[in-house]
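# Analysis of the macromolecular model
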Amino acid sequence: MATALQFRQALRVGPPGDIWHKPALSAVATLGVLNLTLLALGRLDLALYTSAGGLGALYGHGLPYRARARTLAGVLLGTVLSTAAALTAAALTRDAVVLVAVAAGLAALHKLGCDAARIGPPGSLIITFTSASCAFVPQRPADLPPHLALTALGAALAWLVGMAPAPLRPYGPERIATARALEAAARLARSAPGTPDAAARTALVGAVDAARQSLALSSPARWRALGDAPERLLVHAESALAAPAGPAAESVTESTTESTTESTTESAAESAAAAAERYTAWARDLRRGRPLPLLDLTEAEAAELRAHRPGPRPSLRQALRPGSPLLPIGLRVAVGCAAAGWLSLAFGVGRPYWAVVTAASVFQANSTLSWHRALQRVLGNLIGLAVFTAVLPLAHSGQPAMIGLGLLCQFGAEATIARSYWLATVFVTPMALLMTEFAGLQPARTLVADRWLDTCVGALTGLAACLLVTNRRTATRLSRALTGAETATREARVAAADAAVGSEAAAVRSGLATALLELREAADAATGEWRRPALPHQRTADAEQHAHHLLAALLERRGARP
């Protein structure tokens, strides 16, 4: 049974994202140009097709521009192909049962593709929303080419808007990724000396890994502009992990400190505070585009810096191999979305694709997160319907006002999505209803009633699918991750005993960090799953503690100056 604490966790409002304004402004600029152009031509009824491509401007803002160009092209190509499939189905049949099946199948493919490729926010939901909407718009075969051309036009503009900042700040994403690692190091340094903080340490390991991946994806010209200054900053950020990670089962060094005096503790606290201030100042300089300091490194640090290569990411084929924990989630999406759409039809709702999209939005990495998302979706939609009802008189005052309100809601959704999904849904709901009215004014009572009913049907059906389609593979993934972490720990222990340096030490430490991140991600996914086998919680905690302890020992040795 859900507790009050779980409700508070699901509805908690967090801090804003550090780059929330980038997707918000990109989407507003893209959709604003498209919608105002259609308004000038007197064809605002075609906004659905241009918006299908234009919403691609929400993707890729955390990637270096060279990688962003490829990722955006892939996402937008997938959007155009999905829209083509949905419009073709709408042209071939008017049977709503068949169209729901098509929309559900596309939703499952979107979920699998985006999760396997680690596309990142906003994930598959935007593509599912636009393709499901297109599937229920009556089409004639002769209309398909011009409608698809409008989608491709919107996609092309979204790509251009997404790449537009490149001439102004060509290495802005790499700077931001490095700044996040430094900020994570500052948070860890501010924690009480001697107090193990596994979450903060893992967050720093993940931030450093993400920053190194970002730098690896950067253009080769970045070396001429910035040199290896970002890599040197990451070396210093990573050194925050050299602080003691708490008691370990066994030591990897021959000498240990038996006791700590009060003066030593105070000195360590002052040193950590000073380090936190340095990390914060460097992060501030990175975000503001200031020149980067060229920091000194020890011999061992310099040798590892020259030898370090980020570990490979799983390929799309590996992520979707037989036995992958993503496959049950894809099945959940297909079953849940189809059932939601068909149940909505049974209730006589004229827009069953809303139920399909709601069910698709519910499915997360595990059942607990899916339950949280369902609660957030229902609450956000309820408040959003009240907002829509309040602004309806202004929206009906003219199409320019309708466009303006839609763009304002789009901006509000992107401004709040990192803080809380339910808060963002408050803006998404009136935006979706306003888009429905671009083709012509609808009875407000019918719109509100259909939306609310479809939201409840989609959320409940999605949760039912989570119960029916179990994902026991999360436990298998945890078992594999645990074995991998223990193997990486043994290799790191040998490297520490042999005093490995240079490329060997860098490879061992990188493997240990990768195994640690996979173990934490697998443990989080498995813990939140319903109807799964008993999990080795103590063994997982021990493996994490040993990994952190070895990372600290290896980094302390690397940073020691003769």
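Residues numbered from 1 in each chain as written. Predicted model: local features only at pLDDT ≥ 70, side-chain atom pairs only at ≥ 80, totals over all residues. Heavy atoms only, no water.

## A word on the overall build of the protein chain
A count of helices and strands for the protein chain gives 23 helices and 0 strands. Its C-alpha radius of gyration of 26 Å places the protein chain within 12% of the 24 Å reference for a compact globule of 562 residues. For the protein chain, the spread of C-alpha atoms along the principal axes amounts to about 75 × 50 × 40 Å. Residues counted as buried form 51% of the 562 residues belonging to the protein chain. The long-range share in the protein chain, meaning contacts at least 24 apart out of those at least 6 apart in sequence, stands at 83%. Total accessible area computed for the protein chain in this model is approximately 25,200 Å², and 63% of it derives from carbon and sulfur atoms. Charged side chains in the protein chain number 52 positive and 39 negative. The centres of these two groups are separated by 8 Å. (Helix = DSSP H or I, 4+ residues; strand = E, 2+ residues; numbered from the N terminus. Rg over C-alpha atoms; globule rule 2.2 N^0.38 Å. Buried < 20%, exposed > 50% of the residue type's maximum accessible area, 1.4 Å probe, protein only. Contact = heavy atoms within 4.5 Å. Areas by Shrake-Rupley, 256 points an atom, 1.4 Å probe, with all protein chains shown as cover. Lys, Arg positive; Asp, Glu negative; His and termini not counted. Charge placed at Lys NZ, Arg CZ, Asp CG, Glu CD.)

## Examining helix α19 (residues 421–437)
With 17 residues, α19 extends 24 Å from end C-alpha to end C-alpha; this agrees with the ideal 24 Å at 1.5 Å per step. The largest bend in α19 comes to about 25°, at Phe427, with the proline Pro430 one to four residues further on. (Expected span 1.5 Å × (residues − 1). Bend = angle between axes of the 7 residues up to and from the residue.)

## Remarks on a nonpolar patch on the surface
Taken together, Leu343, Phe347 and Leu453 make up a surface patch of nonpolar side chains, about 260 Å² in accessible area. Among the structural elements, Leu343 can be located in helix α15 (residues 326–346). The class for Leu343 is partly exposed, based on a relative accessible area of 37%. (Patch = residues over 30% accessible without salt bridge, like charges linked within 9 Å, V, L, I, M, F, W, Y side chains within 5 Å. Salt bridge = Lys/Arg side-chain N within 4 Å of Asp/Glu carboxyl O.)

## Brief notes about the packing of helix α17 (residues 367–395) against helix α18 (residues 399–416)
Interhelical geometry of α17 versus α18 gives an angle of 145° and a closest axis separation of 9 Å. Side by side, α17 and α18 meet where Val391, Leu394 and Ala395 of the first sit next to Ala401, Met402 and Leu405 of the second. In the contact of α17 with α18, the residues fall into 6 nonpolar, no polar and no charged. (Axes fitted to C-alpha atoms, helices over the stretch in contact; angles between N-to-C directions. Nonpolar A, V, L, I, M, F, W, Y, C, P; charged D, E, K, R; others polar.)

## Let's talk about the packing of aromatic side chains
Counting across every chain of the model gives 4 aromatic pairs. Put simply, the rings of Phe136, Tyr353 and Trp354 touch in pairs and so form one group of aromatic residues. The positively charged end of Arg222 is found above the aromatic ring belonging to Trp223, 4.8 Å away from the centroid. Taking NZ or CZ as reference, Arg373 lies 3.8 Å from the ring centre of Tyr421, over its face. (Phe/Tyr/Trp six-rings, centres within 6.5 Å; stacked < 30°, edge-to-face > 60°. Lys NZ or Arg CZ within 6 Å of the ring centre and 35° of its normal.)

## Quick word on the pattern of salt bridges
Per the counting criterion, the structure on display carries 18 salt bridges. Asp45 is the partner of Arg43 in a salt bridge, and the nearest nitrogen-oxygen pair spans 2.9 Å. Under the relative-accessibility criterion, Asp45 is labelled partly exposed at 33%. Where Glu521 meets Arg477, a salt bridge forms, and the shortest distance between an N and an O atom there is 3.1 Å. Taken together, the residues Glu521 in helix α22 (residues 502–527) and Arg477 in helix α21 (residues 473–497) connect sequence positions 44 residues apart. One network of salt bridges, with partners in common, ties together Asp18, Arg180, Glu183 and Arg287.

Interpretation note: all reported values are geometric properties and have no functional meaning in isolation.
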